[in-house]
Amino acid sequence: MRIGKPHTHRKTFAAAAVACLLAAATTLPAQAAGEPAAKAQLAPLVDGMYPSLESLYKDLHSHPEIAFQEVKTSARLADEMRKLGFEVTEKVGRTGVVAIYKNGAGPTVLVRTDMDALPMEEKTGLPYASKVKTESNGRETFVAHSCGHDIHMATWVGTARTLLGMKDQWKGTLMFVAQPAEEIVSGAKAMLDDGLYTRFGKPDLAFGLHTSPGPYGVVGYRAGPVSSNSDALDITFKGRGGHGSAPDKTIDPIVIAAHFITNVQSVVSREKDPAQFGVVTVGAVQAGTVGNIIPDQAVLRGTIRSYTPEVREKLLDGVRRTANASAMMAGAPEPSVDLKAGGAAIVNDAALVSRTVPALKAVLGDKNVVEVPPISASEDFSEFANAGVPAMFFFVGVYSPDDIAASRKPGGKPLPFNHSPFFAPVPEQSIKTGVQAMSVAVMTAMAK
Ligand SMILES: [Zn+2]
Ligand SMILES: [Zn+2]
């Protein structure tokens, strides 16, 4: 999950999933898997394999690698999958892994994990905390799995093992994909550009999951938009530099930038449908050196978030128009406005969600499968879906329900969210629930 700025929202559960609405009905099997049989078999199977998944998790956690540097991580995952009998191809989209397992005629189902960690210092104090450092953008930095992608990887391997242990209950082709560079919203595209769907075949369905700071044992889902469109804003206002005491001899780009920063919020509050989600944040302002010089330019960087294409267009247009108008108002040259498309929103396929949720409830219990609101963060799992594959992305909680209850009491300390240096999932319940949920989702889609 990529969060544009350190977020402050208190939602304890975030949901996600992707939906390309194309032809979902035709690719979905007619009947859900044998749920009672699955339930009886699943828990003992997952319990039995858990010790090895925990050691895999702790190893990955202690040896994190940042985006596109997932060399040891991808080799480890490739090795795990080869041992299971998957046909494994490495270096797809630089460090990505594709593992295929054929089990008779049936749909091809993509199961995705991400692999990258973040360039930040872990401060959890856990015995298996990362102390790793690497180079990022020419600077030395600590590295930490503070987004839970290590939980995703252990869950992914556990799901593969579970599905192979229950392969009499489903048929079709498993397409397990370990993608690099989710945090910079680049890895999924890198794999697709490297022929993921042409070299290995286009899957019929895709599943992904993400940790969230909700209660462990609980899965959060929703149909429709799950994560946000994310676009980057990079604007340079050009002025005319001069002495701070003689502004009439200059064009002050800082005043232009200030107008823009304030007025662009009217695009959000006055132009966008107030019932629709949309955010424009200017997170970086760079201009000037000292107090008595009016600089000749001001550079702004920010992020633009939305769920729907309509709101996205409205915000992008409003940002562009407000930037140009702010410059025009000051008689300044036209600004350079660079709006880079980032990740698209994940939109979960409604038909797939409505087929999968009852199966999840049958195994995890009704109260442990909850509908959640969309998150304002972004995720490039959307790339796999937007290539025309109905998909579902869901959330797995990582904290003890007691700790969550305590954190909500007056004076309680909020639990760390993803990307916090203190983010510390409880491995056992998080991984076990993830494995059970993902295995059930896949088996339901591939039921005999
Ligand atoms: Zn993240
Ligand atoms: Zn993430």
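Residues numbered from 1 in each chain as written. Chains lettered and ligands numbered in written order. Predicted model: local features only at pLDDT ≥ 70, side-chain atom pairs only at ≥ 80, totals over all residues.

Asks: Any chance you could break down the overall build of the chain for me, citing the residues and the numbers?
Replies: A tally of regular secondary structure across the chain gives twelve helices and 18 strands. Computed over its C-alpha atoms, the radius of gyration of the chain comes to 23 Å, within 12% of the 22 Å expected for a compact globule of 448 residues. Taking the principal axes of the C-alpha coordinates as reference, the chain spans close to 80 × 50 × 50 Å. (Helix = DSSP H or I, 4+ residues; strand = E, 2+ residues; numbered from the N terminus. Rg over C-alpha atoms; globule rule 2.2 N^0.38 Å.)

Asks: Now, about the nonpolar core: what can you tell me, with residues and values included?
Replies: The biggest cluster of nonpolar side chains holds 115 residues, and the ones touching the most others in it are Val109, Phe176, Phe207 and Val442. By residue number, the principal contributor to this core is helix H12 (residues 427-445), which donates nine residues. A domain-level breakdown of this core finds at least three residues from each of domain 1 (24-227 + 345-445) and domain 2 (229-341). (Core = buried A, V, L, I, M, F, W, Y, C linked by C-beta atoms within 7 Å. Buried ≥ 20, exposed ≤ 12 C-beta atoms within 10 Å, placed from the backbone. Domains from an automatic or database assignment.)

Asks: Give me helix H8 (residues 309-329): which residues, what numbers.
Replies: Taking 1.5 Å per residue as the helical rise, H8 with its 21 residues ought to reach 30 Å, and the 30 Å between its terminal C-alpha atoms agrees with that figure. Buried-residue contacts for H8 involve strand E10 (229-238), helix H7 (253-271), strand E12 (278-287), strand E14 (297-306) and strand E15 (336-341). Of the residues trailing H8, Gly331 is marked for its positive phi of about 65 degrees. (Expected span 1.5 Å × (residues − 1). Contact = placed C-beta atoms within 7 Å.)

Asks: Summarise the confidence of the model for the chain; cite the residues concerned and give the values.
Replies: Mean pLDDT over the chain stands at 92; residues scoring 70 or higher make up 92%. Below a pLDDT of 50 lies the segment residues 5-34, which in the model reaches 109 contacts outside its immediate sequence neighbourhood of four places, other chains included. (pLDDT = per-residue confidence, 0-100.)

Asks: Just give me the short version of the UniProt feature "domain: Peptidase M20 dimerisation" (unreviewed entry) in the chain, but keep the residues and values in it.
Replies: Summarizing the sequence annotation, UniProt attributes the feature "domain: Peptidase M20 dimerisation" (unreviewed entry) to residues 231-324 in the numbering used throughout. Across residues 231-324, helical content stands at 37% and strand content at 34%; the span's end C-alpha atoms are separated by 18 Å. (UniProt positions renumbered as here; feature names shortened; annotations may be inferred.)

Asks: Give a detailed account of the domain arrangement of the chain, specifying residues and quantitative values.
Replies: Split into domains, the chain comes out as domain 1 (24-227 + 345-445) and domain 2 (229-341). Each of domain 1 and domain 2 was reduced to a C-alpha centroid, and the two centroids are 37 Å apart. The class makeup of the residues in the side of domain 1 that touches domain 2 is four nonpolar, two polar and no charged. (Nonpolar A, V, L, I, M, F, W, Y, C, P; charged D, E, K, R; others polar.)

Asks: Which residues make up unusual backbone geometry, and what values do they have?
Replies: Notably, Ala181 is not glycine yet its phi reads approximately 50 degrees, a positive angle. Take Ala181: it is sitting in the loop between strand E6 (172-179) and helix H5 (187-193). The residue Val185 is not glycine, and still its phi comes out positive at about 50 degrees. With 21 C-beta atoms packed within 10 Å, Val185 lands in the buried category.

Asks: I'd like a description of the sheet that holds E14, backed by residues and values.
Replies: Pairing between the strands of a sheet is mediated by backbone hydrogen bonds and can be parallel or antiparallel. Pairing is antiparallel across the open sheet formed by four strands, whose spatial order is E12-E14-E10-E15. The sheet is open, and its two borders are formed by E12 and E15, each paired with just one other strand. Strand after strand, the sheet turns through a mean of 15 degrees between neighbouring axes, direction not considered. Across the sheet, H7 lies against E10, E12 and E14, angled at about 170 degrees from E12, the strand it touches most. (Pairing = 2+ DSSP bridges. Axes fitted to C-alpha atoms, helices over the stretch in contact; angles between N-to-C directions.)

Asks: Tell me about the packing of H7 against H8, and name the residues and values.
Replies: Look at H7 against H8: their axes get within 9 Å of each other, and the N-to-C directions meet at 145 degrees. Every pair of crossing elements has a handedness; the one defined by H7 and H8 is right-handed. Contact residues: Ile256, His259, Phe260, Asn263, Val264, Val267 and Glu271 in H7; Lys314, Leu315, Gly318, Val319, Thr322, Ala323, Ser326, Ala327 and Met329 in H8. A per-class count over the contact of H7 with H8 returns nine nonpolar, five polar and two charged. (Left-handed = near helix turned anticlockwise from the far one by under 90°.)

Asks: Residue-level account of the sheet that holds strand E7 (residues 205-215), with values.
Replies: Spatial strand order, E1-E2-E6-E3-E7-E18-E8-E17: eight strands in an open sheet with mixed pairing. This sheet does not close on itself; its edge strands, each paired only once, are strand E1 (87-92) and strand E17 (369-371). If you compare each strand with its neighbour and ignore which way they point, the axes differ by 25 degrees on average. In this structure, E7 lies alongside strand E18 (residues 391-399), joined through eight bridges in parallel fashion. By the bridge assignment for E18, Phe207 is matched with Met392.

Asks: How would you sum up the pairing of E10? Please name residues and give values.
Replies: Here E10 runs beside E14; their pairing, made up of ten bridges, is antiparallel. Residue pairing across strands places Ile235 opposite Leu300, the latter belonging to E14. In this sheet, E15 lies alongside E10 in antiparallel orientation, the contact comprising six bridges. What sits directly across from Ile235, in E15, is Val337.

Asks: Please provide a residue-by-residue account of the packing of helix H3 (residues 71-84) against helix H4 (residues 149-165), values included.
Replies: Where H3 meets H4, the axes come as close as 10 Å, and the angle between the chain directions of the two elements is 5 degrees. As far as their axial angle goes, H4 and H3 are roughly parallel. Where H3 approaches H4, its residues Leu77, Glu80, Met81 and Leu84 are matched on the opposing element by Met153, Val157, Ala160, Arg161 and Leu164. A per-class count over the contact of H3 with H4 returns seven nonpolar, no polar and two charged. (Parallel < 35°, antiparallel > 145°, perpendicular 65-115°, else oblique.)

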